[in-house]
Amino acid sequence: MFTFPLKLENKSTALTEPNTVAITETFSEKLFGTANPLGETIFLNGEVYKVTAVINDFPKNSSFVEDCVPSFATLLKDNRFGVNQWSEWSYNIFVKLRSGSNPTKVTGNIEQ
């Protein structure tokens, strides 16, 4: 649904494994200067993450403001932040409707 333009990546491993992370270009420069950060490790919240991608900085008008994006596999590995709980409301959920769908009807079905 969303694409994040990548500056550097390892397509075979980018964000597929737990404890992997994509970092923004500015964050990469802050941590590693002009060196290639792919394969390097960083510490986030006391854990080691392997850098597997560098993404363009998010636009100023974006709802994404993070310097780094951990893999979803990281969240799933130990149900971090209630990722497996339907009652958890910490995440934005985006839905892409098929062409011709009625948004009002879909919303009504979700609310039931």
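Rules behind the numbers
Residues numbered from 1 in each chain as written. Predicted model: local features only at pLDDT ≥ 70, side-chain atom pairs only at ≥ 80, totals over all residues. Heavy atoms only, no water. 1 Å grid on protein atoms, 1.4 Å probe; cavity = no way out; pocket = protein on both sides within 12 Å on 5 of 7 lines; lining within 4 Å. Points joined across faces, edges and corners; volume = space filled by probe spheres on them. Nonpolar A, V, L, I, M, F, W, Y, C, P; charged D, E, K, R; others polar. Salt bridge = Lys/Arg side-chain N within 4 Å of Asp/Glu carboxyl O. Helix = DSSP H or I, 4+ residues; strand = E, 2+ residues; numbered from the N terminus. Buried < 20%, exposed > 50% of the residue type's maximum accessible area, 1.4 Å probe, protein only.

## Things to note about the layout of surface pockets
For the second largest pocket, the calculated volume is near 170 Å³. Forming the boundary of the second largest pocket are Thr24, Thr26, Asp57, Phe58, Pro59, Lys60, Phe64, Val65, Glu66 and Asp67. When the residues that make up the lining of the second largest pocket are grouped by side-chain class, the tally is four nonpolar, two polar and four charged.

## Quick notes on the pattern of salt bridges
Once the charged atoms of two side chains with opposite charge are near each other, the side chains can pair. For the structure shown, the criterion picks out two salt bridges. Its salt-bridge partner being Glu25, residue Lys7 comes within 3.7 Å of it at the nearest N-O pair. Residue Lys7 is located in strand β1 (residues 6–9), and its partner Glu25 is located in helix α1 (residues 25–32); the two are separated by 18 residues in the primary sequence. Accessibility expressed as a relative area gives 27% for Glu25, which makes it partly exposed. Across the salt bridge formed by Glu47 and Lys77, the nearest N and O atoms sit 3.5 Å from each other. Highlighted residues: Glu47 in strand β4 (residues 47–55) and Lys77 in helix α2 (residues 72–77), separated in sequence by 30 residues. The class of Glu47 is partly exposed, set by a relative accessible area of 23%.

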